[in-house]
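# Working through the structure, step by step
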Amino acid sequence: MPIATPEVYNEMLDRAKAGKFAYPAINVTSSQTLHAALRGFAEAESDGIVQISTGGAEFLGGQYNKDMVTGAVALAEFAHIVADKYPVNIALHTDHCPKDKLDGYVRPLLAISEQRVAQGQNPLFQSHMWDGSAETLADNLSVAQELLAGAAAAKIILEVEITPTGGEEDGVSHEINDELYTTVEDAIRTAEALGLGEKGRYLLAASFGNVHGVYKPGNVVLRPELLKELQEGVGAKYGKSEPFDFVFHGGSGSTAEEIAVALENGVVKMNLDTDTQYAFTRPVADHMFKNYDGVLKVDGEVGSKKTYDPRTWGKAAEAGMSKRVLEACQVLRAAGNRMK
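Residues numbered from 1 in each chain as written. Predicted model: local features only at pLDDT ≥ 70, side-chain atom pairs only at ≥ 80, totals over all residues. Heavy atoms only, no water.

Right, let's talk about the pattern of salt bridges for a bit. Summed over the entire model, instances satisfying the criterion amount to 16 salt bridges. A salt bridge links R201 to D14, with the shortest nitrogen-to-oxygen separation between them at 2.9 Å. One end of the pair, R201, is in the loop between α7 (184-194) and β8 (202-205); the other, D14, is in helix α1 (residues 6-19), and 187 residues separate them in sequence. In this structure, D245 engages K17 in a salt bridge whose closest nitrogen and oxygen atoms are separated by 2.9 Å. Taken as a pair, D245 in the loop between α8 (226-238) and β9 (246-248) and K17 in helix α1 lie far apart in primary sequence, 228 residues in all. In the salt-bridge network here, residues are joined through shared partners; they are D14, K17, R201 and D245. (Salt bridge = Lys/Arg side-chain N within 4 Å of Asp/Glu carboxyl O. Helix = DSSP H or I, 4+ residues; strand = E, 2+ residues; numbered from the N terminus.)

Attention now goes to the side chain of T307. Looking at the secondary structure, you find T307 in helix α12 (residues 305-308). A relative accessible area of 14% means that T307 is categorised as buried. Within the local environment of T307, its side chain forms a polar contact with the backbone oxygen of S304, the two atoms lying 2.8 Å apart. Not counting residues within four places of it along the chain, the set of residues in contact with T307 comprises H287, N291, G294, V295, T312 and W313. (Buried < 20%, exposed > 50% of the residue type's maximum accessible area, 1.4 Å probe, protein only. Polar contact = N/O pair within 3.5 Å; in protein donor to acceptor, adjacent residues only side chain to side chain. Contact = heavy atoms within 4.5 Å.)

A separate point is the pairing of β8. Regular strands have side chains that alternate between both faces of the sheet. By the alternation rule, side chains of β8 split into Y202 and L204 and L203 and A205, which are all buried. Direction of pairing for strand β5 (residues 157-161) relative to β8: parallel, over a ladder of four bridges. Among the inter-strand pairings, L158 is bridged to a residue of β8, identified as Y202. (Pairing = 2+ DSSP bridges.)

One can find T163 in the loop between β5 and β6 (167-169). Taking relative accessible area as the criterion, T163 reaches 9% and is therefore assigned buried. Side-chain polar atoms of T163 contact the side chain of T182, separated by 2.4 Å. Setting aside chain neighbours within four positions, we find T163 in contact with S133, T182, D186 and S207.

Attention now goes to unusual backbone geometry. In this model, K20 sits at a positive phi of 60 degrees, which is unusual for a non-glycine residue. Relative to the helices and strands, K20 is located in the loop between α1 and β1 (23-27). Classification of K20 by relative accessible area gives partly exposed; the value is 22%. Despite not being glycine, E45 has its phi angle at roughly 55 degrees, a positive value. Looking at the secondary structure, you find E45 in the loop between α2 (31-44) and β2 (48-52). The partly exposed category is assigned to E45, whose relative accessible area is 44%.

Turning to the nonpolar core, a few remarks are in order. Counting residues in hydrophobic clusters, the biggest one holds 84 residues, and the most contacted among them are F41, Y105, V160 and F244. Residues contacting F41, with those up to four places away along its chain left out, are P24, I26, S46, D47, G48, I49, V50, V88, I90, V325 and C329. Of all hydrophobic cores here, the second largest spans 17 residues; its members include Y9, L13, V247 and M339. (Core = buried A, V, L, I, M, F, W, Y, C linked by side-chain atoms within 4.5 Å.)

Now the structure itself:
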């Protein structure tokens, strides 16, 4: 199937909300990790989201000039071609973008999609994220209002992060403390500024103790039940049931129980990066250790072309990552739920 149209993406999110499941949002940094994500979704019979962070886009832009827009556009164009061979719907998304990178990333990408839509085409990306969690909530929402208007005009969904997620993600870091919990007041201020769909659709990354990076279950106190409080608090004020489409950030190491509670309370998208990075790299490390004298020209020998050929270990890497994507689809209840 082709990359999701704006209409299909909206339907995907509506189906997830109604069905109490969520789509894994898989960070990719190459054509190979893109194929691994697509393969995982296809094997799970799940639609899904593929996303590119600022760091991933910079890497994709090449180390000669490290241009984020070039990297993001190149992979998105590639995805529009290759995704057609997979029997699932895929939405393209850009991950965390802080204020100092907006002019070099999200705003130019929005402009590209606005031009495409003006010419009768679909947007290049289906959603973009504005990470204003390092700003005051007032400044965060002010920028979000501007971006939401531009996104709506380009038939794009905006993702906003209104309060901090702990740990570090592409240079944006927050301490692990009591500030990692969004309040009902924060959520009401968000609804007042951005509306509840009438100004454009947005996804909300609220904080309930989430931490980016690597951690074991139990090391971070997650409170996914907090999402229900936010839904009910804002819903009561506006007379709308479950007004928010939530995003689960910092999901590595979360327990199945914590994920289940989050799904029941309106999470429709869960980011996955740390776990899939390891799943991609682990088979490569295994190959290198087992074929040490083949991948290296040891003691003046010539090595073995079949073992150092990137296609050899690259296939194992793709298989390892796709398996982890499949597992994510199963845990998030998305497996078997692809749109026909």
